[in-house]
Amino acid sequence: MVSHSRVAIVGAGAVGASLAYALMFKNICSEILIVDVSPDIVKAQVLDLADAASVSHTRIRGAAPEEAGQADIIVITAGAKQRDGEPRTKLIERNYRVLKNVIGSMQPIREDAVILMVSNPVDILTHIARKLSGLPANQVIGSGTYLDTTRLCVHLGEFFDVNPQSINAFVLGEHGDSQMIAWDAATIGGQPLTSFPEYQNIDKKKVSKIVSGKAMEIIRLKGATFYGIGACAADLVHTIVLNKKVVHPVSVFVEKYGVTFSMPAKIGWEGIQHVYDVPLNKEEEERLQASADALREIEQLY
Ligand code: 6V0
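A quick note: this is a predicted structure, and the numbers were derived from the prediction, not measured.

### Section: the side chain of T77
Logical step 1: As for its position among the elements, T77 is in the loop between β4 (73–76) and α4 (92–106).
Logical step 2: Of the residues examined, T77 reaches a relative accessible area of 12% and is grouped as buried.
Logical step 3: At 2.5 Å, the side chain of T77 and the backbone oxygen of G11 are in polar contact.
Logical step 4: The residues touching T77, leaving out its near neighbours within four places in the chain, are I9, V10, G11, V15, G16, V118 and S119.

### Some points on the UniProt feature "binding site: NAD(+)" (unreviewed entry) in the chain
Logical step 1: Per the UniProt record, "binding site: NAD(+)" (unreviewed entry) is annotated on G11, A12, G13, A14, V15, G16, D36, N95, V118, S119 and N120.
Logical step 2: Its location among the elements puts G13 in the loop between β1 (6–10) and α1 (14–24).
Logical step 3: When neighbours within four sequence positions are excluded, G13 is seen to be in contact with D36 and Q45.
Logical step 4: Along the chain, V15 turns up in helix α1.
Logical step 5: Leave out the neighbours within four places in its chain, and V15 touches T77, V118, T225, F226 and I229.

### Focus: helix α9 (residues 282–299)
Logical step 1: Given a rise of 1.5 Å per residue, 18 residues ought to cover 26 Å, and the 25 Å separating the end C-alpha atoms of α9 matches this to within 8%.
Logical step 2: Those residues of α9 that sit buried are E284, L288, S291, A292, L295, I298 and E299. On an axial view of α9, the arc spanned by its buried residues comes to 125 degrees, and they lie on one face. Facing away from the buried side of α9 by more than 90 degrees, the exposed set consists of K282, E283 and E297.
Logical step 3: On the buried face of α9, the contacting elements are α4, α5 (122–133), β8 (171–172), β9 (180–181) and β13 (259–268).
Logical step 4: If you check the start of α9, you find a side-chain oxygen 3.2 Å away from the backbone N of E283, and it comes from N281.

### Some remarks on the pattern of salt bridges
Logical step 1: On inspection of all chains with the given rule, the structure shows 10 salt bridges.
Logical step 2: Notably, a salt bridge pairs R59 with E31, separated by 2.7 Å at the nearest N-O pair. Taken together, the residues R59 in strand β3 (residues 59–62) and E31 in strand β2 (residues 31–35) connect sequence positions 28 residues apart.
Logical step 3: Taking relative accessible area as the criterion, E31 reaches 8% and is therefore assigned buried.

Rules used in this analysis
- Residues numbered from 1 in each chain as written.
- Predicted model: local features only at pLDDT ≥ 70, side-chain atom pairs only at ≥ 80, totals over all residues.
- Heavy atoms only, no water.
- Helix = DSSP H or I, 4+ residues; strand = E, 2+ residues; numbered from the N terminus.
- Buried < 20%, exposed > 50% of the residue type's maximum accessible area, 1.4 Å probe, protein only.
- Polar contact = N/O pair within 3.5 Å; in protein donor to acceptor, adjacent residues only side chain to side chain.
- Contact = heavy atoms within 4.5 Å.
- UniProt positions renumbered as here; feature names shortened; annotations may be inferred.
- Expected span 1.5 Å × (residues − 1).
- Arc of directions from axis to C-beta.
- Salt bridge = Lys/Arg side-chain N within 4 Å of Asp/Glu carboxyl O.

See the structure below:
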């Protein structure tokens, strides 16, 4: 157990519970607080997770929103999810209301808390969470394209027959339809991906489609996605709790593009410690700008 380690999960549905489950086995939290608008869901999830908590030795309990506002890290997973065929941006109106309610009910939020936004559309909601909470931009993070990036690295790992963790590649921009892959900056063992002979055989359009379309494929088959995001969010919490200064692509306000979306960022106790500027070719730069423009237009409405 370490300091900076009381974590509140607001929204105890499939994503919140998967996150709690992944997090408790990391054994880094002094306590995990579960919050939901439905007392029955809180009770059920805490009873079920407590059986796993006894093996992992992590204390887990239900809590009121006011207590969640005093946690070191507040992960927000409350809200509606996409239906089959529905873009994430369609969720804005419903989840804006949920987020307003969640942030309002946690006030006063601790000044040094870090908010990790997971509910969709995650980029817009991260922007709104920052405005509503009044916390500095570095303390309000969205899970962004971290999950998309893990999907990309797993795919490339199979293609190049190398462990995905040895691939340095990023999906940038929106966690949604306008996201893009920074192909030119991708490396394996320091060697640019573009310099591998196999690179010419990659169908880049197809890879982009597989990566950005994976969530919808899972939703079509079983109605929701939760294990992948649960593991990614647990990893981000781990990075913050242990001040690991690991670089992950996450949603954050990016000065250069004047919008909240994903760029690689160094993460630690105070949230974002640095945002990196990925070298892009002309076409990639245009695509990232287009992603920023699309999101900015929606951001300005809130
Ligand atoms: P779910 O299983 O329906 O759970 C949502 C929970 O939120 C329910 O238990 C609700 O009771 C609760 N809730 C609603 N309003 C409030 C409120 N005001 N205060 C507290 N709790 C509330 O949905 P699921 O867990 O599957 O998804 C949650 C969110 O995560 C959705 O917006 C998804 O779109 C989003 N995801 C984000 C991903 C990402 O990569 N960022 C990935 C997958 C899902």
